[in-house]
Amino acid sequence: MSKQEYTLTVYTENRIGIIGRIAILFSRRKINIDSLSTSPSEIEGIHRFTIVIQETEEVVRKVARQLEKQVEVLKAYYNTNEEIIWQEQALFKVPTATIAEKASVERLLRQYGARVVVLRNDYTVFETAGHSEDIDKLTTALTDYGLIEFVRSARIAIIKNSEGFHKKLKEFEAEEPSEELVENEFLGKRDKVFTM
Amino acid sequence: MNTVETAKATAPKEAEKTMTPTQISGSQAVLEALLAEHVSTVFGYPGGAIMPIYDALYDYNDKLNHILVRHEQGSTHAAQGYARTSGQVGVVFATSGPGATNLVTGLADAQIDSTPIVCITGQVFAHLLGTDAFQETDVINITTPVTKWNYQVTDATEIPAAMAKAFYIARSGRPGPVLIDITKNAQIQLFDYYGYTPCKHIRSYRPKPLVRPSYIEEAASLINKAQKPFVIFGQGVILGKAEQEFKEFIEKSGIPAAWTVMGLSALATDHPQNVGMLGMHGNYAPNVLTNECDVLIAIGMRFDDRVTGRLDKYAKQAKVIHLDIDPAEIDKNVKATVPVWGDCKETLPLLTALIEKRNHASWLERFRELEKEEVKEVIQEELNPTSEIMSMGEVIKVLNELTDGNAVIVTDVGQHQMVACRYAKFNQSKSNVTSGGLGTMGFGLPAAIGAWYGRPDRDIIAIIGDGGLQMTIQELGTIMQFGAKVKILILNNQFLGMVRQWQQLFNDKRYSFVNITSPDFVMVAKGYNIDGQRIDQREQLKDALATMLAHDGAYLLEVMVGKENNVFPMVAQGSSVAEIRLK
């Protein structure tokens, strides 16, 4: 099995220290986290972690189960890039003079849909959002025009066939045993593993 | 929002209507929680940051039995021993800083062996957190990888709910260690106490999975079709209190059953379908036949590498049915054909109902045939040595004759542990206390102390090597002061025997720092007011063991055994279970 990019979506209680509990499950297996973002979810009080790693399906599945084993983790999903819609945001600081002088820069920024956030005499700050490869390309291109500063956010992702977490939460709040599926290949229900 | 706070906010509100609050301190709230959870024994060691709790404890002396250990590591192992023999949650008190860091080994041991313990640590005042204050360590982050759950309390009002969660999490689902770190200000703080409400539900935590009938049916159909089915079981049977359900399952199915070290004693040693121990130093037949069976039924065990040997050559021919309460164990090491996720107390009777009553006599006979080979090659000489010097196995054999399998056997880690597990006789469950997953040398003595408090009505025999005893020998002081009637049986081979065995077999006998010298253990025990003797002659063995058992109080018996005896059979690391060697 070969490694590929997986995006994990982890719903958790909003508790101090939960990020540590999550992070060590990756570091103990010596898995590098390419990107990690934490944010509120559609439900107040429930946090959503979006984590990007390069791994085999087998390992990512085991990690997802060990994530769910944590007392304050409600659910962990993992998806390939085909199964999600994702974005990253970036900010670029470029000398204003260069932009004014060189038409190619303006064209470049238009091409990548970058918008001006701050315009000053000495520098201009642009922002753009998209897939990391596109942002990387723009960054490389801008380096030739005196890119002063660059920052890119972690990935945020929406799972295409997710119905959201409201229904799931009701199940969690009921004081009954879980009906969550933990399937395996034998029963031919792989598609339901960690999908909503 | 913080979940503990949520519980705190709702519980008093309901209680407020009917109750008038009493003003108590955070420390009292901790002790009230222990009483409400029916805790009678606490293992601990005081220090600056936990002084308010110890001050409150002064007034609870008639209700709580506090055992002062000699090192905090000992408190965790004692709590483990207590939990293993009693089936109750073990409780530990320790102070901040070094007190708390000394708990780490015991927490790791309890985590990997799924032992329910709750550790309460003191912490510096909340306003000093993060300032490198005296005896401040980041206990929560240090213990995160080795706890099932941990939580820091900085406000006394959180204590009742945090304690309730701690006990609920420690003992429910797959049990494990929990640590609650309480800052000193919270221990001192007075607050309105509305009583203690046990925790029954945490929305993000579901310890009891729903049993799905389709899987039970699938498993039953595989078992009914099987010609050479084989049951392997672990501690899950004991933790699930499912010994009876397990026995009914194997008796109806007629399937031979072998145990992991942690599952030992869940099924009586002399049960006709008990075919012995799995793994590296397990019995010959169950290891070899793992790779011949057609359906492998794993119950409450996790396919540890010491059990499976080389994974890509492990039971490849078999369909695997895996019963486990922890979904993260399914497919982790061995792919399950049918996963039966659930508490085996519930799943086993469902499975038993669907299987046909059968008798796998000829298949069981295969185990007995291979067993004969093992007896001839290994067991005969180990239990009845022709050498002048005693063997570990013959000591256990004579012990069996005297206890008839009714004692609790606590072991440390190493050769003596494997020999004790292989040869000790057990009639009832919760009788074998050992450090399985972590292999913690030094576990034996403190665990035996805890085991005695868990079941003071039983004979507690701590079998320990000369190396392991020296790791926690200070706990003899705990025995001296509080009177646990632990029988300490040292099997002294004057070596760190297991490592020596490996160096002999795999490193060309290059004995590198395995030659360990020991003090006069009997003299040391005497210094602690513990009676004992040392023997090195076979003729003395039976009388010496009988004296030890008959002694009213703790006793130390040191038996000198063969220096370079090896434990066999052995599945060498990197070998398949079928390649188990008899010599």
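Residues numbered from 1 in each chain as written. Chains lettered and ligands numbered in written order. Predicted model: local features only at pLDDT ≥ 70, side-chain atom pairs only at ≥ 80, totals over all residues. Heavy atoms only, no water.

1. A short note on the overall build of chain B
- From N to C terminus, chain B includes 24 helices and 20 strands.
- Counting only C-alpha atoms and orienting by the principal axes, one finds that chain B spans roughly 70 × 65 × 40 Å.
- Counting every position in chain B, which comprises 583 residues, the buried fraction comes to 62%.
- For chain B, the share of sequence-separated contacts (at least 6 apart) that also reach a separation of at least 24 residues comes to 78%.
- Total accessible area on chain B stands at roughly 21,300 Å², and carbon and sulfur atoms take up 51% of it.
- Of the charged side chains in chain B, 54 are positive and 64 negative; the average position of the first set lies 5 Å away from that of the second. (Helix = DSSP H or I, 4+ residues; strand = E, 2+ residues; numbered from the N terminus. Buried < 20%, exposed > 50% of the residue type's maximum accessible area, 1.4 Å probe, protein only. Contact = heavy atoms within 4.5 Å. Areas by Shrake-Rupley, 256 points an atom, 1.4 Å probe, with all protein chains shown as cover. Lys, Arg positive; Asp, Glu negative; His and termini not counted. Charge placed at Lys NZ, Arg CZ, Asp CG, Glu CD.)

2. Here's the deal with a nonpolar patch on the surface
Residues and elements named next belong to chain A.
- A cluster of nonpolar side chains, namely L91, V117, V118 and V151, defines an oily patch on the protein surface of about 300 Å² accessible area.
- Turning to its location among the elements, L91 is positioned in strand β5 (residues 84-95).
- On the basis of relative accessibility, which here comes to 37%, the residue L91 falls in the partly exposed class. (Patch = residues over 30% accessible without salt bridge, like charges linked within 9 Å, V, L, I, M, F, W, Y side chains within 5 Å. Salt bridge = Lys/Arg side-chain N within 4 Å of Asp/Glu carboxyl O.)

3. Quick word on the environment of V524 of chain B
Residues and elements named next belong to chain B.
- Tracing the backbone shows V524 in helix α23 (residues 521-527).
- Accessibility expressed as a relative area gives 23% for V524, which makes it partly exposed.
- Counting along the chain gives 51 residues from V524 to I473, while the straight-line C-alpha distance between them is 9.1 Å.
- When residues no more than four places from it in sequence are discounted, the contact partners of V524 are I473, L476 and P519.

4. Re the confidence of the model for chain B
Residues and elements named next belong to chain B.
- For chain B, mean pLDDT is 95; residues scoring 70 or higher make up 97% of the total.
- Confidence drops under pLDDT 50 across residues 1-10; counting only partners more than four residues distant or on other chains, this segment forms 20 contacts.
- Predicted as a complex, the structure gets a pTM of 0.93 and an ipTM equal to 0.90. (pLDDT = per-residue confidence, 0-100.)

5. Digging into the nonpolar core
Residue and element names in this part refer to chain B.
- Ranked by size, the top nonpolar core spans 100 residues in total, and within it I299 and L489 carry the most contacts.
- In terms of residue count, the dominant contributor to this core is helix α16 (residues 361-383) (seven residues).
- Sequence-distant contacts of I299, that is, excluding residues within four places in its chain, are made with V231, I232, F233, G234, V237, F246, F249, L323, C344 and L348.
- Counting 47 residues, the second largest nonpolar core, distinct from the first, contains C119, I449, I488 and L556. (Core = buried A, V, L, I, M, F, W, Y, C linked by side-chain atoms within 4.5 Å.)

6. Thoughts on the packing of helix α17 (residues 392-403) of chain B against helix α24 (residues 538-550) of chain B
Residues and elements named next belong to chain B.
- Two elements in contact, α17 and α24, have axes separated by 10 Å at closest approach and are oriented at 45°. Between α17 and α24, the angle falls in the class oblique. Seen along the crossing, α17 lies across α24 with a hand that is right-handed. Contact residues: α17 offers E394, V395, V398, L399, E401, L402 and T403, while α24 offers R538, L541, K542, L545, A546, M548 and L549.
- Considering only residue class, the contact of α17 with α24 consists of nine nonpolar, one polar and four charged. (Axes fitted to C-alpha atoms, helices over the stretch in contact; angles between N-to-C directions. Parallel < 35°, antiparallel > 145°, perpendicular 65-115°, else oblique. Left-handed = near helix turned anticlockwise from the far one by under 90°. Nonpolar A, V, L, I, M, F, W, Y, C, P; charged D, E, K, R; others polar.)

7. Section: α24 of chain B
- End to end, α24 of chain B covers 19 Å across 13 residues, agreeing with the expected 18 Å (1.5 Å per residue, within 8%).
- The inward-facing, buried residues of α24 of chain B contact α17, β17 (460-465), β18 (486-492), β19 (531-535) and β20 (555-560) of chain B. (Expected span 1.5 Å × (residues − 1).)

8. Quick word on the sheet that holds strand β14 (residues 338-341) of chain B
All names here are of chain B.
- The six strands lie next to each other as β11-β10-β9-β12-β13-β14, forming an open sheet whose pairing is parallel. Looking at the sheet topology across the chains shown, the edges are occupied by β11 (274-277) and β14. Ignoring which end each strand starts from, the neighbouring axes of this sheet average 20° apart.
- The sheet contact formed by strand β12 (residues 295-299) and strand β13 (residues 319-324) spans five bridges and is parallel. Residue pairing for β13: I297 is matched across the bridge by I321.
- Strands β12, β13 and β14 of the sheet are contacted by helix α15 (residues 344-354), whose axis makes an angle of about 135° with β13. (Pairing = 2+ DSSP bridges.)

9. Brief notes about the pairing of β5 of chain A
All names here are of chain A.
- Taken together, the four bridges between β5 and strand β9 (residues 156-159) define a ladder with antiparallel strand orientation. Counted as the bridge partner of I84 is I159 from β9.
- Pairing geometry for β5 and strand β8 (residues 149-152), over four bridges, is antiparallel. Each bridged residue has a counterpart across the sheet, and for K93 the counterpart in β8 is E149.

10. A closer look at the sheet that holds strand β15 (residues 408-411) of chain B
Residue and element names in this part refer to chain B.
- Strand order in the open sheet formed by six strands is β16-β15-β17-β18-β20-β19, with parallel pairing between adjacent strands. At either end of the open sheet lies a strand with only one pairing partner, and these are β16 (432-433) and β19.
- The pairing of β19 with β20 spans five bridges and is parallel. Paired with D531 across the strands is Y555, a residue of β20.
- Along the sheet, helix α18 (residues 415-423) contacts β15, β16, β17 and β18; its crossing angle with β17, the most-contacted strand, is approximately 140°.

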